2 protein chains.
Amino acid sequence: MIAFYVRALAIASSVLFVGSIALAAENAQDNASPVFGVQLPEGYRNWQVISVAHEAGNNNDIRVILGNQVAMETYRKGLRPFPDGTIIARLAWKYVPSARNNEIFGQAQSFVAGDPTNVQITSKDSKKYAATAGWGYAQFENGKVNPSETLINTCFGCHNRLPKTEDLIFTHYAP
Amino acid sequence: MIAFYVRALAIASSVLFVGSIALAAENAQDNASPVFGVQLPEGYRNWQVISVAHEAGNNNDIRVILGNQVAMETYRKGLRPFPDGTIIARLAWKYVPSARNNEIFGQAQSFVAGDPTNVQITSKDSKKYAATAGWGYAQFENGKVNPSETLINTCFGCHNRLPKTEDLIFTHYAP
């Protein structure tokens, strides 16, 4: 009788476990970009720095561009095109003057990162994204994918105006 | 006779080896900041991102602030003061408008990292740097320490005007 209960419990646990995996997969799928299905890569906030930038105008942000291991190796060896598996993450924050720093420095000169705006992911898979020169795109706000198909379809338009010699990537490595 | 040569060679090698270590130590010492003796930490370019900033005015740079493991853990747990062993690296590059990006975006909005300017290191050791509230400072250009005592003595003056609740560190963590 005890053996029966143990077995029933084992089966119930398996069902729950498989159910959890299915749910996690579904959630990840839910959080993938339209058109490309690009997801937010795990641990991207800990990746190494490719470079930094400030976009004024409508963006008005300050940003860091990070790369996974494949991206960093390719940048540091100066190779192009980027191989499949390359992922580049662009993190942006509001561009905010720092009154505190300016007071300490004695002049208005200091601009720092305010609240996060969005994270954009660029992912290389030359087969999956053949129609967009091998690159898939996604944008996330607060960890949630931006579901706009209109937005995501603007990515390639700009990237495609970059030289082929740079493999349609904006950022240069900052030594 | 052969045994003698082998032994002589072994002794000669040891002398060379010990000599190399002494030389390396001396070189590292040579590349330490005046007043504090802070060195350029190995592998700092691969550290994780604390935040980014733009300093206009005389600096006119764009910068990323990186932290070693101790720094990152302290930031992420929201703890102050930083424990001994904390090292913060500030990498700066010339603040350069990108004509290429501006053309693609259709307006003047894009500023990127140009040539590197300098790297500043802030290192916590509450005993060694007791006179400066536990922090030691250094500045490097092209990997070589800036030997100016006048320069390095300006660091604490500004940092010391920051609130004690922030442990005299300018940068907040950018989530």
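It should be emphasised that the depicted structure is a prediction, and the values quoted were computed from it without experimental measurement.

### Considering the nonpolar core
Grouped together as the largest cluster of nonpolar side chains are 77 residues, with contacts concentrated most on A:Val64 and B:Val64. Not counting residues up to four positions away in its chain, the partners in contact with B:Val64 are A:Val49, A:Val52, A:Val64, B:Val49, B:Val52 and B:Leu91.

### Things to note about the confidence of the model for chain A
When pLDDT is averaged across chain A, the result is 91; 83% of the residues are at 70 or more. The ipTM, which scores confidence in the relative placement of chains, is 0.86 for this predicted complex, and the corresponding pTM is 0.86.

### With respect to the interface of chain A and chain B
Taken together, the contact pairs 29 residues of chain A with 28 residues of chain B. The leading source of residues in the side of chain A that touches chain B is strand β1 (residues 48-55) of chain A, at 7 residues. For the side of chain A that touches chain B, a count of residues per class yields 16 nonpolar, 10 polar and 3 charged. In the sheet, β1(A) pairs with strand β4 (residues 110-124) of chain B via 3 bridges, with the strands oriented antiparallel.

### Notes on the relation of the copies chain A and chain B
Relative to chain B, chain A is turned by 180° and slid 0.0 Å along the rotation axis, the superposed coordinates differing by an RMSD of 0.0 Å. Here the symmetry operator amounts to a two-fold rotation axis. Rotation axis and chain A: the residue whose C-alpha lies nearest the axis is A:Gln48, separated from it by 3.1 Å. Most of the interface of chain A is mirrored in chain B, where 97% of its interface residues again form contacts.

### Considering the pairing of strand β1 (residues 48-55) of chain B
Residues and elements named next belong to chain B. In terms of residue burial, β1 counts as a mostly covered element, since 7 of its 8 residues are buried. Sheet topology places β1 next to strand β2 (residues 61-67); 7 bridges connect them, and they run antiparallel. Within the sheet, the bridge partner assigned to Glu 55 lies in β2 and is Asp 61. Remark: 5 residues form the turn of the hairpin made by β1 and β2, two consecutive strands paired antiparallel; Gly 57 in that turn has positive phi of roughly 70°.

### Things to note about unusual backbone geometry
Across the chain, the bulk of peptide bonds are trans and the bulk of non-glycine residues have phi less than zero. All names here are of chain A. A cis amide bond, omega 0°, links Arg 80 with the succeeding residue Pro 81. Structurally, Pro 81 can be placed in the loop between α2 (69-77) and β3 (87-97). Although it is not a glycine, Ala 133 sits at a positive phi angle of roughly 60°. Here Ala 133 lies in the loop between β4 (110-124) and β5 (135-141).

### A short note on α2(A)
Residues spaced three or four apart along an α-helix point in a common direction, a consequence of the helix completing one turn every 3.6 residues. Residues and elements named next belong to chain A. Those residues of α2 that sit buried are Ala 71, Thr 74 and Tyr 75. One face of α2 carries all of its buried residues, which in axial projection span an arc of 100°. Exposed side chains of α2 directed beyond 90 degrees from the buried face belong to Gln 69 and Lys 77. Summarising the contacts, the buried residues of α2 are in contact with β1, β2 (61-67) and β3. Directly after α2, the chain includes Gly 78, whose backbone phi takes a positive value near 70°.

### Quick look at the environment of B:Pro34
Residues and elements named next belong to chain B. Following the sequence through the fold, Pro 34 ends up in the loop between α1 (2-30) and β1. Between the alpha carbons of Pro 34 and Pro 175 there is a distance of 34 Å; along the sequence they are 141 residues apart. If near-sequence neighbours (up to four positions away) are discounted, Pro 34 is found in contact with Pro 147, Glu 149 and Ile 152.

### Focus on the environment of A:Asn118
All names here are of chain A. Mapped onto the elements, Asn 118 comes out in strand β4. Separated by 57 residues in the primary sequence, Asn 118 and Asp 61 have C-alpha atoms spaced 9.8 Å apart. Setting aside residues up to four positions removed in sequence, Asn 118 forms contacts with Ala 92, Gln 139, Phe 140 and Glu 141.

### Section: the pairing of β4(B)
Residues and elements named next belong to chain B. Taken together, the 9 bridges between strand β3 (residues 87-97) and β4 define a ladder with antiparallel strand orientation. Within β4, the residue paired with Ile 87 across the bridge is Ser 123. Pairing between β4 and strand β5 (residues 135-141): 6 bridges, direction antiparallel. Considered in β5, the bridge of Gln 120 is made with Gln 139.

Rules used in this analysis
- Residues numbered from 1 in each chain as written.
- Chains lettered and ligands numbered in written order.
- Predicted model: local features only at pLDDT ≥ 70, side-chain atom pairs only at ≥ 80, totals over all residues.
- Core = buried A, V, L, I, M, F, W, Y, C linked by C-beta atoms within 7 Å.
- Buried ≥ 20, exposed ≤ 12 C-beta atoms within 10 Å, placed from the backbone.
- Contact = placed C-beta atoms within 7 Å.
- pLDDT = per-residue confidence, 0-100.
- Helix = DSSP H or I, 4+ residues; strand = E, 2+ residues; numbered from the N terminus.
- Nonpolar A, V, L, I, M, F, W, Y, C, P; charged D, E, K, R; others polar.
- Pairing = 2+ DSSP bridges.
- Least-squares fit on C-alpha atoms with pLDDT ≥ 70 in both.
- Arc of directions from axis to C-beta.

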